[in-house]
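Spelled out from the first residue to the last, the chains are:
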Amino acid sequence: TSFGFRNVAEGERQGLVNEVFAKVAQRYDLMNDLMSGGLHRLWKDDLIGWLAPPRSGRAFRLLDVAGGTGDVALRFARATDTDGTAVICDISPEMLDVGRHRVADAGLDGRIELVEGNAEALPFPDRAFDAYTIAFGIRNVTHIDQALREAYRVLKPGGRFLCLEFSECRIPLLDRVYDFHSFEVIPRLGKLTAGDAQPYEYLVESIRKFPKQERFADMIRAAGFSQVKYRNLSGGIAAMHSGWRI
Ligand code: SAM
């Protein structure tokens, strides 16, 4: 098979992930719209809706990990006034470059900072943020449990963890359509627009391997979070998990 990542050693995985995002960074936003049919926009709106940051009157600091080209942080900044500030942290300098331009174009560089860093070893002090978000990022991380412990560490007590990720669709027929889309449409779209199907085969494979809703919720609890819950989006094609650092 051409699933190039299947048998890579754990120590090599992140390097390969980084190559994928370095390669697709310039086309990432377009590909996201094409491959999800625009659905990722609604899911990200739901994420900010569930976070419900205070619109004004109280300083609120968000850390958006694996924030890439900035979709979540930009939505957050638009949903809050000047009291809402965000840090985008991503391991890929290429993705951050695209994000930096988008943040500047939106005139939000005063409220959104971009920092290169690994979700497994965040370059921030303990208890620094009111909320931690990660959208379509955690499945790329080699040690998910370590990333969850880091999320807990950088949150203030009372802070909120929210994760948006592809998950298990259990709706008959929709699950079949989704499989066809994943295995047939996405790699072809990738090849057409990026000239290379391999990064998108990685994408599909990483989605298949990611723990399902209940098991992922247990991993979040194991990292110390309380009141862990999730919501399915689009029949479970994606899911949002929420937890609190008490
Ligand atoms: N959150 C953005 C969104 O929803 O559009 C980007 C998601 S993109 C599918 C995954 C991002 O995770 C990439 O920007 C990649 O560089 C980043 N990433 C992968 N491994 C990471 C790690 N260990 N730490 C931080 N970011 C990582």
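Rules used in this analysis
- Residues numbered from 1 in each chain as written.
- Predicted model: local features only at pLDDT ≥ 70, side-chain atom pairs only at ≥ 80, totals over all residues.
- UniProt positions renumbered as here; feature names shortened; annotations may be inferred.
- Helix = DSSP H or I, 4+ residues; strand = E, 2+ residues; numbered from the N terminus.
- Buried ≥ 20, exposed ≤ 12 C-beta atoms within 10 Å, placed from the backbone.
- Pairing = 2+ DSSP bridges.
- Axes fitted to C-alpha atoms, helices over the stretch in contact; angles between N-to-C directions.
- Contact = placed C-beta atoms within 7 Å.
- Near = placed C-beta within 6 Å.
- Nonpolar A, V, L, I, M, F, W, Y, C, P; charged D, E, K, R; others polar.
- Expected span 1.5 Å × (residues − 1).
- Core = buried A, V, L, I, M, F, W, Y, C linked by C-beta atoms within 7 Å.

The protein is annotated in an unreviewed UniProt entry as Ubiquinone/menaquinone biosynthesis C-methyltransferase UbiE of Filomicrobium insigne. Under the heading Function (unreviewed entry), UniProt records this for the protein: "Methyltransferase required for the conversion of demethylmenaquinol (DMKH2) to menaquinol (MKH2) and the conversion of 2-polyprenyl-6-methoxy-1,4-benzoquinol (DDMQH2) to 2-polyprenyl-3-methyl-6-methoxy-1,4-benzoquinol (DMQH2)."

Trainee: When you look at the UniProt feature "binding site: S-adenosyl-L-methionine" (unreviewed entry) in the protein in this model, what are you seeing that I'm missing?
Mentor: When the UniProt feature table is mapped onto this chain, "binding site: S-adenosyl-L-methionine" (unreviewed entry) is found at Thr69, Asp90, Asn118 and Ala119. The residue Asn118 is located in the loop between β3 (112-116) and β4 (129-135) in this model. The class for Asn118 is partly exposed, based on 18 C-beta atoms found within 10 Å. Its place among the elements puts Ala119 in the loop between β3 and β4.

Trainee: What is the right way to look at the sheet that holds strand β7 (residues 238-244) in this model?
Mentor: Neighbouring strands of a sheet are bound in pairs by backbone hydrogen bonds; such pairs are parallel or else antiparallel. With mixed pairing, seven strands are arranged side by side in an open sheet as β3-β2-β1-β4-β5-β7-β6. The two strands at the open ends of the sheet, each matched to only one other strand, are β3 and β6 (226-233). Strand after strand, the sheet turns through a mean of 15 degrees between neighbouring axes, direction not considered. Pairing of β4 with strand β5 (residues 155-166), which is carried by six bridges, proceeds in the parallel orientation. The residue bridging Tyr132 from the neighbouring strand is Phe161, located in β5. Relative to β5, helix α3 (residues 39-51) is tilted by about 160 degrees, and along the sheet it contacts β4, β5, β6 and β7. Sitting on the sheet, helix α5 (residues 93-105) touches β2 (84-90) and β3, and the angle it makes with β3 is about 170 degrees.

Trainee: What exactly am I supposed to notice about the pairing of β7 here?
Mentor: Looking along a regular strand, one sees the side chains alternate between the two faces of the sheet. Most of β7 is tucked away: five of the seven residues are buried. Pairing between β5 and β7: seven bridges, direction antiparallel. Counterpart to Leu164 in the pairing with β7 is Met240. Sheet analysis places β6 next to β7, joined by six bridges and oriented antiparallel. For Asn232, the partnering residue across the bridge sits in β7 and is Ala239. Counted along the chain from β6 to the antiparallel partner β7, the turn is four residues long, and its residue Ser234 has a positive phi close to 50 degrees.

Trainee: Which parts of the structure should I look at to understand the site of the ligand?
Mentor: Around the ligand, a shell composed of 22 residues is seen, among which Ala66, Gly68, Ser92, Ala119 and Asn140 lie nearest. Looking at the shell around the ligand, the elements that each hand over two or more residues are α1 (10-24) and α4 (71-79). Counting residues per element, the shell around the ligand draws most heavily on α1, which supplies three residues. The class makeup of the residues in the shell around the ligand is 11 nonpolar, eight polar and three charged.

Trainee: Mind showing me how you'd approach the environment of Leu51 here?
Mentor: Locating Leu51 in the fold gives a position in helix α3. C-beta crowding within 10 Å serves as the criterion here: with 20 such atoms nearby, Leu51 is assigned to the buried category. In the structure, Leu51 is positioned 191 residues away from Ser242 in sequence and 8.8 Å away in space, judged by C-alpha atoms. Those residues in contact with Leu51 that sit more than four places away from it in its chain are Ala131, Thr133, Arg160 and Leu162.

Trainee: How do you make sense of helix α8 (residues 198-209) when you look at a structure like this?
Mentor: Each α-helix turn comprises 3.6 residues. Residues three or four places apart therefore point the same way. Compared with an ideal rise of 1.5 Å per residue, which puts 12 residues at 16 Å, α8 spans 17 Å between its outermost C-alpha atoms and is within 8% of the ideal. Within α8, burial applies to Pro199, Tyr200, Glu201, Tyr202 and Leu203. Contact partners of the buried residues in α8: α1 and α7 (174-194).

Trainee: How should I be thinking about the nonpolar core in this particular structure?
Mentor: Nonpolar side chains in soluble globular proteins generally cluster together in the buried interior. Judged by nonpolar contacts, the single largest core of 59 residues is most densely connected at Leu47, Leu63, Ala73, Ala86, Tyr132, Phe161 and Leu164. For Ala86, the residues in contact, after removing those within four places along its chain, are Leu62, Asp64, Ala73, Phe76, Ala77, Arg111 and Ile112.

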